[in-house]
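Examining the three-dimensional arrangement
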Amino acid sequence: MAALQRVLQLRVRERQRQRRPRSRLVTLNAFVRQHQNRLDSLDGMAIIRRYRLPRRQIAQLLNSIGPQLMCATRRNFALSPEVQLLSALRFYATGSFLQVLGDGLGLSKSSVSRAVQAVTNALLPLAAEHIKFPASRQDITEIQQYFLTHHHIPQVIGVIDGTLIPILTPSVDGHVYICRKGYAAINCQVVCDHKGLITDIVARWPGSTHDSFIFTNSSVGQEAQNSQGQWRLLGDSGYPLRPYLFTSVANPMNNRETNFNESHRVACSIVERTIGRWKMRFRAIHQSSGGLLFAPQKCCAVIIVTAMLHNIAVQMRVPLLNREEDEEVEEMEEVEDEDGMGPHDQPRNAQYMAGFHARQQVIDRFF
């Protein structure tokens, strides 16, 4: 009986206890979010400058992932899918601190963090629709014809390169992520076509991993090896020379080899410009923003999502407004053996010799 009375007393006290008053600023910000569309007060160029995508594309993304962003709660002031999407796009575009973004959007730091996480997870499954390696005969023929016409190298369907995306040093195995430049990073492998579209991306290896290792263990590397000479890629000296992956001639001995190196250099500049514009468009992955201050797994997801958004922007011909830097200049890769392997590795030496002969045939015929 005494216990029952005690329970009743606690319930009475709970009812009599005054609820802590909600901050008037929180109420005002919530009212503004619910009754004002941020995009309505901006013109087309202002939207691109802030969110890197035009109004129409933002609306399409919202229709695609809006149901996944709906908050399953009856509480007041829940963030709408639109607010979450715009918060994430603003973070991708600027790479600013979450607290600073929250102050500008009338949100707390934790709310912006949850919005970025939710939007990234919702957009990640859509990456396969926008990052596609050429598979149809028409697409392959178009790309190969471009490289043959403009760079005189046949059967090329893409240019490959690696780039370092700075991240926060992980608490576990942090030394593995330290790259050759001295900071923690994710080493990303990027393949692009002649239009600057990213056709394949690998974003899961620590910064200390070598480019040739990433390529060998990637799906595009396996597909290239099994292509039976139907297509090939172009890469810098950080990659091994193979029949399906041409690098430049280390020590050109004649004009033909010099001309090949020049054509190879100009062709490889396509992927360098693509990576530079990708990072300029989405500053969150640029070193100037301080890097992605998340766990490595979340950083990899953000990298892939920004690559997908970059392809959407390129396909829609969205201008790159901040053109003070058109491309990022990467430091030269350390040059090792031309095939990147030891001298006693006979199977891989055989692959190198096959690549050497295939490249020499192209030089003799087209240069």
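No experiment lies behind these values; they were computed from the predicted model shown. (Residues numbered from 1 in each chain as written. Predicted model: local features only at pLDDT ≥ 70, side-chain atom pairs only at ≥ 80, totals over all residues. Heavy atoms only, no water.)

Brief notes about the side chain of Lys298
Its location among the elements puts Lys298 in helix 13 (residues 296–315). Although Lys298 is buried, it makes no salt bridge; Asp103 carries the closest opposite charge, 17 Å away. Sequence-distant contacts of Lys298, defined by excluding residues within four places in its chain, comprise Ser113 and Gln117. (Helix = DSSP H or I, 4+ residues; strand = E, 2+ residues; numbered from the N terminus. Buried < 20%, exposed > 50% of the residue type's maximum accessible area, 1.4 Å probe, protein only. Lys, Arg positive; Asp, Glu negative; His and termini not counted. Salt bridge = Lys/Arg side-chain N within 4 Å of Asp/Glu carboxyl O. Contact = heavy atoms within 4.5 Å.)

So, helix 9 (residues 137–151)
Over its 15 residues, helix 9 runs 21 Å from end to end, which matches the ideal 21 Å to within 8%, given 1.5 Å per residue. For helix 9, the complete set of buried residues consists of Ile140, Ile143, Gln144, Phe147 and His151. For helix 9, the buried positions fall inside an angular range of 95° around the axis, keeping them on one side. In helix 9, the exposed residues that point more than 90 degrees away from the buried face are Arg137 and Gln138. Each element contacted by the buried residues of helix 9 is listed here: strand 1 (156–166) and helix 12 (255–281). (Expected span 1.5 Å × (residues − 1). Arc of directions from axis to C-beta.)

Focus on the packing of aromatic side chains
Applying the stated criterion to the full structure yields 9 aromatic pairs. A centroid spacing of 5.2 Å and a plane angle of 85° characterise the contact between Trp205 and Phe213, whose relative ring orientation is edge-to-face. Given a relative accessible area of 17%, Trp205 falls into the buried group. On the basis of an interplanar angle of 80° and a centroid distance of 6.1 Å, the ring pair of Phe215 and Tyr239 is categorised as edge-to-face. With a gap of 24 residues between them, Phe215 in helix 10 (residues 211–216) and Tyr239 in the loop between strand 4 (232–234) and strand 5 (245–246) connect regions that are remote in the sequence. Residue classification places Tyr239 among the buried residues on the basis of a relative accessible area of 2%. Here the aromatic cluster, defined as three or more aromatic residues joined through ring pairs, consists of Phe91, Tyr92 and Phe294. (Phe/Tyr/Trp six-rings, centres within 6.5 Å; stacked < 30°, edge-to-face > 60°.)

Points about the sheet that holds strand 5
Spatially, 3-2-1-4-5 is the arrangement adopted by the 5 strands of the open sheet, whose pairing is mixed. With one partner strand each, in any of the chains shown, strand 3 (198–206) and strand 5 form the two edges of the open sheet. Relative to strand 2 (residues 185–192), strand 1 runs antiparallel, the two sharing 8 bridges. Along strand 2, the bridge assignment pairs Val159 with Cys192. (Pairing = 2+ DSSP bridges.)

Some thoughts on the nonpolar core
With 92 residues, the main nonpolar core has Tyr92, Trp278, Leu292, Ile303 and Leu309 as its most contacted residues. Element by element, the count of residues in this core is highest for helix 13, at 10 residues. Setting aside its immediate chain neighbours within four residues, Leu292 contacts Phe91, Ile165, Pro166, Ile167, Leu168, Ala284, Ile285, Cys299, Val302 and Ile303. (Core = buried A, V, L, I, M, F, W, Y, C linked by side-chain atoms within 4.5 Å.)

Structural measurements only, silent on function.
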